[in-house]
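# Reading the structure
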Amino acid sequence: MTIRSLRTGGKALVFLAIVLIIIITLHIANVEPVPLPRWRGERLHTGSPLKALSDIASDAPPCQSLAGTDGIVVVMRTGATEIKHKLPVHFNTTFACYPDTLIFSDYAEDFDGHQVYDALEDVNEGVKQSNMDFEHYRRIQRLGREGLDDDELHGESWESGAVGKNENPGWRLDKWKFLPMIVRTLELRPEARWYVFVEPDSYVVWSNMVQWLHTQDPEKASYYGSEVQIGQDIFAHGGSAFVMSRPAMTLGAEVYQNNRNEWHERTANHWAGDCILGTALKMAGVPLTWSWPMFQGGMPTEMNWAEKKADKRLWCTPALSYHHFEASDIRRMWDFEQRHIQALKKSGTRPWYRRKDTVLHHRDVFNDYILPNVTAARSDWTNMSPDAVENSAGMTIEECQAVCEVKSACLQFSMDAVACSTSDQVKLGQPAKDVQSGWNVEGINKWASSLGSCPTKGGWTV
């Protein structure tokens, strides 16, 4: 054997030794390739749907590690009167998670570098000129968004009544957007599998939404959301977010396009655009699949955590959406969800992508988001306790607390200039000047424990 062959053989042995060391090290570290989730209704693998860390920038938010988001489009519906106040918070929170986003309004523009489409662009010109709802629209097109008066912006000065904020011209115009928006969305994103529709004050629990959609069949015509009924019409509440598959979108768009005049007349004579959409979908053969309590029309700070309908308990159900968030609420909830996703990678002795309990339930939101903020007392804050105590005007907060303590079911109390009030529900509430609120922390912990028995870890209600 020559010296050259000995050297070659030695190099080969060294190479084999290095390979063996790497294989043993990886085995010890339990590092495995992450199986990617698959579409067509197949369920996710039993672990968290997260991408390999090497695919994620070091400074990216944790939500960008979620795998399997391709084919999902988030469609944001807003308006010129609210966009400046409500949309910017999403640009560095929720929009950083969504793989693809479309923004529709009643005025086309480039807003902070984001393309905003006019949802009403293709509505018949005769309708725009003759219907009083479009007076506001015509004014925006003529003056631009910056030409609106201060009292027209933000929309908070209009109270919601039995038929919504009917005195708000931007609100009345909003009902016309739903059906044209479906058509335009299909034109812009014809190959998407799922379409998630939101409003600026909606919050989608994105880590759950991605996992849940992987349990559904995108080839089936499906329409999901929190059910609402007006007369005989059942539809998904728009503010709670709702979801449609591409086949459902196509069928709904066809019904509208085949007889636009009829649907314009229906819209003119109604006050709820989400109801008009639900009616069109039902006529197309796509009735709503009831999805409460996963989709919620309220805020976690104001919810009835013990709520249930038939065999569905809010407490035991995964959270897909909330509503009526201010910009600060969006930020706080987004930060909370990012910590949840980050924890999936770090907790437990097994690799994060092999964990089974990756779903954020409403009970988790209560225990980890609400409960840590429940304290003995808080000033300039209302927890919305509804049960006023007779002859309690002028009580101190300590006396009000004593009233609560003698009631076996009382979980919280508040004191304002009018009365002491108590409640057997738990609500965190919101700021309110000259109101003091407190909670029976020990009682709340016992109450929460009594709700904690749930039959399954997943609990998807569809």
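Report on the accompanying structure. Treat the numbers as computed from the prediction; the structure is a model and nothing was measured.

## Some words on the sheet that holds strand 1 (residues 72-77)
Strands sit in the order 3-4-2-1-5-10-7-11 across an open sheet of 8 strands; the sheet is mixed. Looking at strand neighbours, the two that pair on one side only are strand 3 (109-111) and strand 11 (289-290), the edges of this open sheet. Where strand 7 (residues 223-225) meets strand 11, 2 bridges bridge the pair, whose relative direction is parallel. Residue pairing in the sheet places Tyr224 in a bridge with Thr289 of strand 11. Packing of helix 8 (residues 206-213) onto the sheet brings it into contact with strand 1, strand 5 (194-198), strand 7 and strand 10 (242-245), and relative to strand 1 it is tilted by some 130 degrees.

## Description of the nonpolar core
In terms of nonpolar packing, the biggest core is built from 63 residues, with Trp206, Met209 and Phe366 touching the most fellow members. Counting 34 residues, the second-largest nonpolar core is a separate cluster that includes Ile182, Tyr195, Phe235 and Leu288.

## Looking at the state of the cysteines
By definition, a disulfide is the covalent link that joins the sulfur atoms of two cysteine residues. Within the structure shown, the criterion is met by 4 disulfides. Across a sulfur-sulfur distance of 2.1 Å, Cys316 and Cys454 are joined as a disulfide pair. On the sign convention where negative means left-handed, the S-S torsion of about -80 degrees between Cys316 and Cys454 marks this disulfide as left-handed. Of this pair, Cys316 sits in the loop between strand 13 (312-313) and strand 14 (321-322) while Cys454 sits in the segment after helix 15 (441-451), placing them 138 residues apart in sequence. A sulfur-sulfur distance of 2.1 Å marks the disulfide that ties Cys400 to Cys420. The disulfide joining Cys400 to Cys420 has a torsion of about 75 degrees about its S-S bond and is therefore right-handed. In this pair, Cys400 is assigned in helix 14 (residues 397-405) and Cys420 in strand 18 (residues 420-423), connecting sequence segments 20 residues apart. Residue classification places Cys420 among the buried residues on the basis of a relative accessible area of 0%. Along the chain, the cysteines engaged in disulfide bonds are linked according to the scheme 1-2, 3-8, 4-7, 5-6 when indexed in sequence order.

The rules behind the values
Residues numbered from 1 in each chain as written. Predicted model: local features only at pLDDT ≥ 70, side-chain atom pairs only at ≥ 80, totals over all residues. Heavy atoms only, no water. Pairing = 2+ DSSP bridges. Helix = DSSP H or I, 4+ residues; strand = E, 2+ residues; numbered from the N terminus. Contact = heavy atoms within 4.5 Å. Axes fitted to C-alpha atoms, helices over the stretch in contact; angles between N-to-C directions. Core = buried A, V, L, I, M, F, W, Y, C linked by side-chain atoms within 4.5 Å. Buried < 20%, exposed > 50% of the residue type's maximum accessible area, 1.4 Å probe, protein only. Disulfide = S-S within 2.5 Å.

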